[in-house]
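Read off the chains here:
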Amino acid sequence: MQIDQFSTRKPGGGIVVASVLKYVLTFFTENELSWDTSDWESTWDGDAKEEESTTATKQSGPWMQECVLSLSPCSDLLVVAHKHKAVFLSAKWLTDGSGKEEMTLATTWSGTLSTEEGESVSSVICVPLASQKRSSTGRPDWTCVVVGFTSGYVRFYTENGVLLLAQLLQEDKVLRLKCRTYEIPRHPGVTEQPEELSILYPAALVTIDGFSLFQSLRACRNQVARAAAAGSDVIQPPPLAYKKWALQEMDSIVDHSSVGIMTLCVFDQMKNASILGGFHASVKGNPPAMSQYVTVGAGPYTGFYYAVEGSSQPLLSHVAMAVASKLTSALFNAASGWLGWNKNKNEDEAVQKQKPKVEPATPLGIRFGLPDSRRHGESICLSPCNTLAGVTDDFGRVTLLDLVRGIAIRMWKGYRDAQLGWLQVPEERVDREFSPSVARPKRHALFLVIYAPRRGILEVWAMQQGPRVGAFTVGKHCRLLYAGYRLMGVNSVTSQGWQLHTQQVCLLDPTTGALRTVNVPFHLALSDKKSERAKDMHLMKKITTLLRSRDIKPGYEGFYICVYSAGNFLFWGCLCGKSPIHKVCGTLQQAGISPQQLLSLLLSVWLQREKEVLQNSAVTVRQLHTLLLSLSDMKGAIEDSWDPQSVSPWWQQVRSTCIQTNNAAAALLAALVTHRAAKASIAARADSKVQNIQHFLTRWEAVSLELEQWVVCVRQLEDVLVLQTLLLVPPPQGAAGGAAAHCSIKVLLEGGTGLLICFRFPQSLSPDLLFAHSSWEYVVQWNKDPEEGRYLSWAVEHLKLISSPHIQLGISTMMWSTFIVKRFSTAAFLMEKVGKAPKDRLCRRDVGMGDKAMTSFLGSCVQLLQILMEADSAVEEVSAPELSVEEVWCGADGPASIAELALDQRGVHFPLVQHHFLLASLLHVAMTFSLRVKPLSLFDSKGKNAFFRDLTTIQLMPSGDMDPGLISLRQEFLMRALVGWVQAIDDVASTPSTPLPATGPTADWWPSLCLELGVLLQVNPDILQRHLVCELYNQGLDVRAEEMMLEVEDKDVLGSQLLVLTGQRLCYSLLHSQSQTQAAMELLARLPPTLCTWLKAMDPSELRCPMVPLAQTSRLVGRLIEMLPENHAQYSLALHLLEAVDVLTTED
């Protein structure tokens, strides 16, 4: 294996910098007596003129090692600085004497950068800034040169050397400048890292917010342009947000990496709290977000620092901005906030000499480190994925760090003064991206590039424990240029549709003046068993080169066009019976074309022209048989040394083609014809060699072995044809149609055992597997359109039909964690926030569905969790099923079926599932009856923390007696739910014999659910039962109330409650009815004073249905007499009521 490209990029691509580097050398050495030239050995060019050699004849290597270099990640700007001077080189297209164009880095600016006495350049980076125009495609708008000085100043320049900003952050040498820019997250859940510029000093680390810096630099650049054009006043640029940390507990620090913001998992948070705070340390409920910084140096050799996010950010005070032009030059003073024009020279010098105030640093202690008292770190290079880092040291070692675990995982020896870089390579576009299987995210391979200048070698290593995939001999004075960032000012919105033109690793060779890039193909990261991929890649390159040379479109498409055209030209006439087969085959054999290539061309045209083949199958099938026999007789088709006891490579080529094609009908015909041709060919070859019975028996075994392969292939093609025919059946009228699906044996074998039809595959599609796949497909469809709650309901209904609790449990667990829990938690938090059932607008905004759809969704959640609990209880009673597949499809090696994945799931924690069932039920009740409630407030702190956790984990659950206040809230909520149900059934329950529906708010199972929830929530169910009876009587539903009354245990309390309700009814009839009769008035006068006073104290307005027939009230009073004991305090009052009601009933 070798590196794909390691060459100069010429127009087709190279960047030449040799002549310019001569100028750089001359510029730096001019008038500098302190430059050491004792060990310079040769000139840049062997034929350079003698007078030119006075400055350029010295060896370029050592002087470049003394310089500070930075290359823009877009490779369009190179900065070379030494002491107080610098040269800016920009990319330009130039034409040489022969008319050939080449990319050249030409000098655009050179001069002195230092403004303070005695200061020199110590670090430089080139940061390209993204364009804000909508038409931008990813090229930078301009590039800012950030320079750090030994005085502590950090200054920002344009490509033309114009100073924009200057800031003194620490009165010490700037050791290293590094930048982090926006990267599109490759995986869901990965935190987007903010852009940042970090500045390392010997005793401090400053981080400047990238967004603030981007805005300020753009503003300053615009001010420079306006000042140069018109000399008008400018406003103060936005302040730069920054943080300044005093890194403690390290003897010395020479380099750093700002990894980004991270959040620990709960276990790591508890571990760190225990280590730092001891046994009694308290742990916060939510792990805080932290910024991670990794430093190298000494004592310890590597240090890990963590700064908790959320602290207030100080602002850069005393921002200095220089506005320079041919006409005017002024210094922006942040203390006054305005640009000073017309100042005299003395005032300008006074301002320049005045140093701005330096903010103190915030102490930041080291969390942990890698101690090695003798080892001193020299540099650290962060990987693009922010999880690995390469570290060099003074022992000549390169160490690979795992930044997540904080450990060293690999070490290379013999790399003194090594320079590091990283390559992140995306997977090439392959056929599997176009398969009908579920789309997978594009994979990326990570490589570490190590340049060892002492040995003059450049190596590429696969991560993390991979082999060396490439090594190149280069010069000993090169510089490896790795930026580690891309364009600043990019975000998730502006990067849509962009193609960022950036290079990851470049090598600058001063001896040849070439700037080279390192490119590595993705397949070099694959393991040995995937080495066939590497062979295919190299073969593809050869084919592409051949097609380009013949002016045929390269790539897969061009290859197929070429093959199809050749096959159609050679064989279609023969297949139609218009060309003599033997004459054509003889001519092709004389042309020197191999029979294997001819066979491939024949099969290509046969499969591609399936429709014409089937329309005239009587002719084409006979001609195909003759062609196959003729090709088989060619020299080189079937080797003479072929062992009859093995499979023939010749006939295997036909089978491989039929296995991969989507044209199942043509492939089946080809397989049947080839089967017959192979049988005849093998028999003819064997008959010519038979000399005795032993050879005949050997021939019989060989035929059986070859035929067995054809029997399997034909059977598989028959199955594929049946499946493809089913897939091509048009959908019912009005149903949503989709693209016609295609399949092949290869697709089925790679797709696993989950894609087959029932009557041909009794084992692959047992009822449980059918229900499992149907359930999964329905929930996938619901996830695409959550407003269609029926899909989720159907998914749950199919889930109920699965007989195996093991499969049922696994499917339910995957369904919950993949599709349900995120929306479920969002719904819970929304209801907790608004304190009631949210309106349609809020539901659509937060949960992604309307209020009616959310009610249906919560009902499905209740059923799903109920299935989970029942399946978890049943798995111990039965053994897990053994999934099998038909014999001819045993070779399927693709992804596992949904049932296999279900059996691989971990068991759930029953109390945690029941805990979520409680919450889902409460949410469903609140949405159904539009109740006011904060659902999470019905649970204590343990209960709240356990919600929305992985159901397979063991969480700390509420135990023991609950707080009486919480129980009171729960009881009140369940009572209101029962009231809502009673009010809902009032319309449908006009007669006692009317059955209630099975679904919706009027379903008959709501009271049972509320009572069940009461038991789980430590609410006395008898209180709820009595409340339900009273509400039914209150609504005038006496018959249903009598049915519910049988379940009440404390009849005394219920009797007292119903006595009041009876008094309210009688009070309404005697005192508040609009049609009071004379008999009623006389009865009221005859009542005992105590009863009369008691009736007048009643408030019949509390009755929702006061107009109840007297017969029902009489029956209710009779029930009261039965319930109340004779020694009850209100027994006599009940007797008086019975007498009064009987009199009214008689007179009525």
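Note that the structure is predicted; figures quoted are calculated from it, not measured.

Student: Outline the overall build of the protein chain, supporting the account with residue identities and numerical values.
Tutor: Helices and strands together make up the secondary structure of the protein chain, namely 33 helices and 32 strands. For the protein chain, the residues scored as buried account for 48% of the 1148 residues in total. Here the contacts in the protein chain between residues at least 6 apart in sequence split such that 68% fall between residues at least 24 apart.

Student: Describe the sheet that holds strand β14 (residues 242–247), listing the residues and the values that go with them.
Tutor: Ordered by their spatial adjacency, five strands build an open sheet running β11-β12-β13-β14-β20, and the pairing between neighbours is mixed. Unpaired on one side and paired on the other, β11 (176–180) and β20 (362–364) mark the two borders of the sheet. Going across the sheet, the axis of each strand differs from the next one's by a mean of 25 degrees, ignoring polarity. Where strand β13 (residues 204–209) meets β14, four bridges bridge the pair, whose relative direction is antiparallel. Bridge assignment links Val 206 to a residue of β14, and that residue is Lys 244. The strands that helix α4 (residues 210–230) touches are β12 (196–201) and β13; relative to β13, the one it contacts most, it runs at about 65 degrees.

Student: Help me get a handle on the environment of Pro 288, residues and values and all.
Tutor: Residue placement: Pro 288 occurs in the loop between α5 (266–277) and β16 (289–298). For the pair Pro 288 and Ala 307, spaced 19 residues apart in sequence, the C-alpha separation works out to 10.0 Å. Contacts of Pro 288, omitting those with residues within four sequence positions, involve Met 262, Thr 263, Gln 269 and Val 308.

Student: Outline α4, supporting the account with residue identities and numerical values.
Tutor: Taking 1.5 Å of rise per residue, 21 residues should cover 30 Å, and α4 covers 30 Å from first to last C-alpha, within 8% of that figure. Along α4, the residues classified as buried are Gly 210, Ser 212, Leu 213, Phe 214, Ser 216, Leu 217, Ala 219, Cys 220, Gln 223, Val 224 and Ala 227. Capping of α4 at its N-terminal end is provided by Asp 209; its side-chain oxygen lies 3.3 Å from the backbone amide nitrogen of Phe 211.

Student: An account of the nonpolar core is needed here, citing residue identities and associated values.
Tutor: In this structure, Ile 820 and Phe 824 are the most contacted members of the largest nonpolar core, which totals 121 residues. The greatest single-element share of this core, amounting to 14 residues, is contributed by helix α19 (residues 805–834). In this view, Ile 820 contacts Trp 782, Leu 792, Met 815, Phe 857, Cys 861 and Leu 864; residues no more than four positions away in its chain are not counted. Leu 598, Leu 627, Met 634 and Leu 749 belong to the second-largest nonpolar core, a separate cluster that totals 49 residues.

Student: I'd like a rundown of the sheet that holds strand β17 (residues 302–308), residues and numbers included.
Tutor: Pairing is antiparallel across the open sheet formed by four strands, whose spatial order is β15-β16-β17-β21. Every interior strand has two partners, whereas the edge strands, β15 (252–263) and β21 (366–370), have only one. Looking at each pair of strands side by side, their axes are set apart by 20 degrees on average, direction ignored. Pairing geometry for β17 and β21, over four bridges, is antiparallel. Considered in β21, the bridge of Gly 303 is made with Gly 369.

Student: Which residues make up the pairing of strand β25 (residues 407–412), and what values go with them?
Tutor: The pairing of strand β24 (residues 398–402) with β25 spans five bridges and is classified as antiparallel. Along β25, the bridge assignment pairs Thr 399 with Met 411. With antiparallel pairing between neighbouring strands as the criterion, β24 and β25 make up a hairpin whose turn holds four residues, including Gly 406 at a positive phi of roughly 70 degrees.

Student: Mind laying out a nonpolar patch on the surface, listing which residues take part and the relevant values?
Tutor: Taken together, the side chains of Val 266, Met 270 and Val 283 present a nonpolar region at the surface, about 230 Å² in accessible area. Within the element layout of this structure, Val 266 appears in helix α5. Taking relative accessible area as the criterion, Val 266 reaches 37% and is therefore assigned partly exposed.

Student: Got a sec to walk through the pattern of salt bridges? Specific residues and values, please.
Tutor: Applying the stated criterion across every chain yields a total of 25 salt bridges. Note that Arg 1119 is salt-bridged to Glu 1122, the shortest N-O span being 3.8 Å. Remark: Glu 1122 and Arg 1119 occur in helix α32 (residues 1110–1123); sequence separation between them is three residues, near one turn of the helix. We classify Glu 1122 as exposed; its relative accessible area is 62%.

Student: Please provide a residue-by-residue account of unusual backbone geometry, values included.
Tutor: Generally, phi is negative for residues other than glycine and the peptide bonds are trans, each holding for most cases. Cis peptide bonds are those with omega within 30 degrees of zero, and the linkage from Gly 299 to Pro 300 qualifies with 5 degrees. The peptide bond linking Met 463 to Gln 464 adopts the cis configuration, its omega dihedral lying at -5 degrees. Mapped onto the secondary structure, Gln 464 falls in the loop between β28 (457–462) and β29 (468–473). Even without being a glycine, Lys 83 presents a positive backbone phi close to 55 degrees. Note on placement: Lys 83 falls in the loop between β4 (77–82) and β5 (85–95). Despite not being glycine, Gln 1018 shows a phi value in the positive range, around 65 degrees. Positionally, Gln 1018 belongs in the loop between α26 (1006–1016) and α27 (1021–1034). Overall, Gln 1018 belongs to the partly exposed group, its relative accessible area being 33%.

Student: Just give me the short version of the pairing of β4, but keep the residues and values in it.
Tutor: For β4, a buried count of six out of six residues is recorded, marking the element as mostly surrounded by other parts of the structure. The alternating pattern of β4 places Leu 77, Val 79 and Ala 81 on one face and Leu 78, Val 80 and His 82 on the opposite face, and all of these are buried. Pairing of strand β3 (residues 68–71) with β4, which is carried by four bridges, proceeds in the antiparallel orientation. Looking across to β4, one finds that Val 68 is bridged to Ala 81. Once β3 ends, the chain turns through five residues before running back antiparallel as β4, passing Ser 75 with a positive phi of about 60 degrees. Strand direction decides the pairing type here: β4 and β5, joined by six bridges, are antiparallel. Bridge assignment links Ala 81 to a residue of β5, and that residue is Ala 86.

Student: Can you lay out the confidence of the model for the protein chain for me, pointing to particular residues and giving the numbers?
Tutor: Mean pLDDT over the protein chain: 79, with 76% of residues reaching 70 or higher. Low pLDDT, under 50, characterises residues 691–703; the predicted model gives this stretch ten contacts beyond four residues in sequence or across chains. Low pLDDT (under 50) marks residues 734–739, which in the prediction has one contact with non-local residues, meaning those over four places away or in another chain.

Student: Describe in detail the packing of aromatic side chains, supporting the description with residues and values.
Tutor: A full pass over the atoms with the stated rule returns 17 aromatic pairs. On the numbers, 5.0 Å between centres and 85 degrees between planes, the contact of Phe 939 with Phe 947 is edge-to-face. Its relative accessible area of 4% is what places Phe 939 among the buried residues. When the ring centre of Trp 572 is taken as origin, the NZ or CZ atom of Arg 609, which lies over that ring, is 4.0 Å away. Above the plane of the ring of Tyr 791 lies Arg 790, whose end atom (NZ or CZ) is 4.8 Å from the centre.

Student: Give a detailed account of the packing of helix α23 (residues 910–929) against α26, specifying residues and quantitative values.
Tutor: The geometry of α23 relative to α26 is characterised by a closest axis approach of 11 Å and an angle of 135 degrees between their N-to-C directions. Comparing their axes, α26 and α23 come out oblique. Where α23 crosses over α26, the two elements pack in a sense that is left-handed. From α23, Gln 914, Phe 917, Leu 918, Ser 921, Leu 922, His 924, Val 925, Thr 928 and Phe 929 reach across to α26, where they touch Trp 1006, Leu 1009, Glu 1012, Leu 1013 and Leu 1016. For the contact of α23 with α26, the class distribution of residues is nine nonpolar, four polar and one charged.

Student: Lay out the packing of α19 against α23 with the relevant residues and their values.
Tutor: At a minimum axis separation of 11 Å, α19 and α23 run at an interaxial angle of 55 degrees. Put simply, α19 runs oblique to α23. The two elements α19 and α23 meet at a crossing, and its hand is left-handed. When α19 is examined against α23, the residues Trp 816, Phe 824, Ala 828 and Met 831 are found in contact with a partner set consisting of His 916, Leu 919, Ala 920, Leu 923, Ala 926 and Met 927. Looking at the contact of α19 with α23, its residues break down into nine nonpolar, one polar and no charged.

Rules used throughout
- Residues numbered from 1 in each chain as written.
- Predicted model: local features only at pLDDT ≥ 70, side-chain atom pairs only at ≥ 80, totals over all residues.
- Heavy atoms only, no water.
- Helix = DSSP H or I, 4+ residues; strand = E, 2+ residues; numbered from the N terminus.
- Buried < 20%, exposed > 50% of the residue type's maximum accessible area, 1.4 Å probe, protein only.
- Contact = heavy atoms within 4.5 Å.
- Pairing = 2+ DSSP bridges.
- Axes fitted to C-alpha atoms, helices over the stretch in contact; angles between N-to-C directions.
- Expected span 1.5 Å × (residues − 1).
- Polar contact = N/O pair within 3.5 Å; in protein donor to acceptor, adjacent residues only side chain to side chain.
- Core = buried A, V, L, I, M, F, W, Y, C linked by side-chain atoms within 4.5 Å.
- Patch = residues over 30% accessible without salt bridge, like charges linked within 9 Å, V, L, I, M, F, W, Y side chains within 5 Å.
- Areas by Shrake-Rupley, 256 points an atom, 1.4 Å probe, with all protein chains shown as cover.
- Salt bridge = Lys/Arg side-chain N within 4 Å of Asp/Glu carboxyl O.
- pLDDT = per-residue confidence, 0-100.
- Phe/Tyr/Trp six-rings, centres within 6.5 Å; stacked < 30°, edge-to-face > 60°.
- Lys NZ or Arg CZ within 6 Å of the ring centre and 35° of its normal.
- Parallel < 35°, antiparallel > 145°, perpendicular 65-115°, else oblique.
- Left-handed = near helix turned anticlockwise from the far one by under 90°.
- Nonpolar A, V, L, I, M, F, W, Y, C, P; charged D, E, K, R; others polar.

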